[in-house]
Amino acid sequence: MKARGLVVLAALGLASCGPRPAEQARICAIFALPAVPGDTQLGDAADLAWARARERQLFKSGTIYGPAWQVMGHGRSWGRCRVRVKAVESLLISPDGAYAMTKGGRREHGRPVSFGSCYYENASAGWRLRACRRTLDEPAPLIGLKR
């Protein structure tokens, strides 16, 4: 009897980790757009500048979503959507829901072969893809030690 109770509690705990219906709809709308982080390149110089500015803001205050099995470290589960690009590793959405970013890429034999980010804007007509850029071959930022 105790074991059954623990199983029920565990199932309820996992079910409560998923996004609320409004969040789930927003996440699925983003995943339904045609973009593959690391493979898709899109946007002119103005779009990419817009994306870089939003990326900094997302890392400071955005909500991070990931696969349910990966959210124990940080973030929330992105739940279940009928359409989702397998290359997406994380999704960040701004606190006001005005813009979002997916990060990820393809892997072969455990090694990344592509990596990048795609940026989305929530306009009056709904979510739209604004820019995508590849970042696998960008040099790592230099981190200096404070003296």
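Structure report, in brief. As the structure is a computational prediction, the values presented were derived from the model and not from experiment.

Each value, and the rule that gives it
- Residues numbered from 1 in each chain as written.
- Predicted model: local features only at pLDDT ≥ 70, side-chain atom pairs only at ≥ 80, totals over all residues.
- Heavy atoms only, no water.
- Core = buried A, V, L, I, M, F, W, Y, C linked by side-chain atoms within 4.5 Å.
- Buried < 20%, exposed > 50% of the residue type's maximum accessible area, 1.4 Å probe, protein only.
- Helix = DSSP H or I, 4+ residues; strand = E, 2+ residues; numbered from the N terminus.
- Contact = heavy atoms within 4.5 Å.
- Polar contact = N/O pair within 3.5 Å; in protein donor to acceptor, adjacent residues only side chain to side chain.
- Pairing = 2+ DSSP bridges.
- Axes fitted to C-alpha atoms, helices over the stretch in contact; angles between N-to-C directions.

1. Concerning the nonpolar core
Ranked by size, the top nonpolar core spans 17 residues in total, and within it I27, L91 and Y120 carry the most contacts. Looking at this core, the elements that each hand over two or more residues are α2 (21-31), β3 (88-93), β7 (116-123) and β8 (126-134). When residues no more than four places from it in sequence are discounted, the contact partners of I27 are P19, Y65, W78, C81, L91 and I93. Core analysis: the second largest hydrophobic core is formed by eight residues, W50, L58, L92 and M101 among them.

2. With respect to the side chain of S117
One can find S117 in strand β7. On the basis of relative accessibility, which here comes to 0%, the residue S117 falls in the buried class. A polar contact is formed between the side chain of S117 and the side chain of K103, at a distance of 2.7 Å. Leaving out residues up to four positions away in the same chain, S117 has contacts with P37, G38, M101, T102, K103, A131, C132 and R133.

3. Quick word on the sheet that holds strand β4 (residues 99-104)
Strand order in this open sheet of six strands is β2-β1-β3-β4-β7-β8, and the pairing throughout is mixed. Each having just a single partner strand, β2 (76-77) and β8 make up the two edges of the open sheet. Across the sheet, α2 is in contact with β1 (63-66), β2, β3, β4, β7 and β8; its angle to β3 comes to roughly 125 degrees. Its contacts with the sheet place helix α3 (residues 45-61) against β1, β3, β4, β7 and β8, and it is angled at close to 85 degrees to β4.

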